[in-house]
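Inside the fold
Residues per chain are reported as follows:
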Amino acid sequence: MSDRFAVPPDVMARQVGEETVILDLASGTYFGLDPVGAHMWQAMVEGKTLAQVCERMLAMYDVSHSDIERDVLALGQSLLDRKLIALL
């Protein structure tokens, strides 16, 4: 939960309404995030640790700590697997 992330230079993200669209320029692949995922992404790219991302999400949403932790870890792993973020 102490991991921090950076966005690789070949990845771009734009907010479209309440959602975020991420483009991997190297592969031409798009990845979309719903509003909850978009808030997680924003905290991650601001350099927050996963624990800090969880705390931010807990302040925004009425959800259990275990549920938000599971979701933050799942999104982080999914973004890492797609090379849309990198560990610092």
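Below, the structure is looked at part by part. (Residues numbered from 1 in each chain as written. Predicted model: local features only at pLDDT ≥ 70, side-chain atom pairs only at ≥ 80, totals over all residues. Heavy atoms only, no water.)

All right, on to unusual backbone geometry then. With a phi angle near 60 degrees, Lys 83 is a residue other than glycine that sits in the positive phi range. Mapped onto the secondary structure, Lys 83 falls in the loop between α3 (65-81) and β5 (86-87). (Helix = DSSP H or I, 4+ residues; strand = E, 2+ residues; numbered from the N terminus.)

An α-helical turn contains 3.6 residues, so a residue and the one three or four places further along point in the same direction. In this model, α3 (17 residues) spans 24 Å end to end at C-alpha, consistent with the 24 Å of a helix rising 1.5 Å per residue. Three or more residues of α3 are buried, namely Ile 68, Val 72, Leu 75, Gly 76, Ser 78 and Leu 79. The buried residues of α3 occupy an angular sector of 165 degrees when the element is viewed end-on, so they sit on one face. For α3, exposure combined with an orientation more than 90 degrees from the buried face picks out Ser 66 and Asp 81. A positive phi of about 60 degrees marks Lys 83, the residue just after α3. (Expected span 1.5 Å × (residues − 1). Buried < 20%, exposed > 50% of the residue type's maximum accessible area, 1.4 Å probe, protein only. Arc of directions from axis to C-beta.)

Quick look at the sheet that holds strand β3 (residues 19-24) now. Strand pairing in a sheet relies on backbone hydrogen bonds, with the paired strands running either antiparallel or parallel. On the basis of which strands lie adjacent, the open sheet formed by 3 strands has the order β2-β3-β4 and antiparallel pairing. Every interior strand has two partners, whereas the edge strands, β2 (11-16) and β4 (29-33), have only one. Each adjacent strand pair in this sheet contributes to an overall mean axis angle of 20 degrees, direction not counted. Pairing analysis gives 5 bridges linking β3 to β4, with the strands arranged antiparallel. In the sheet register, Thr 20 faces β4, and the bridge partner there is Leu 33. In the packing of helix α1 (residues 35-45) onto the sheet, contacts are made with β2, β3 and β4, and the angle to β3 comes to roughly 60 degrees. (Pairing = 2+ DSSP bridges. Axes fitted to C-alpha atoms, helices over the stretch in contact; angles between N-to-C directions. Contact = heavy atoms within 4.5 Å.)

Quick look at the environment of Gly 37 now. With respect to the helices and strands, Gly 37 occurs in helix α1. Counting along the chain gives 20 residues from Gly 37 to Met 57, while the straight-line C-alpha distance between them is 9.9 Å.

By the element assignment, His 39 lies in helix α1. In the structure, His 39 is positioned 26 residues away from Ala 13 in sequence and 13 Å away in space, judged by C-alpha atoms. In this structure, His 39 is in contact with Met 57, Met 60 and Tyr 61, ignoring residues within four places of it in sequence. Of note is the side chain of His 39, whose polar atom sits 2.9 Å from the backbone oxygen of Pro 35. (Polar contact = N/O pair within 3.5 Å; in protein donor to acceptor, adjacent residues only side chain to side chain.)

Worth remembering: the numbers are spatial, not functional.
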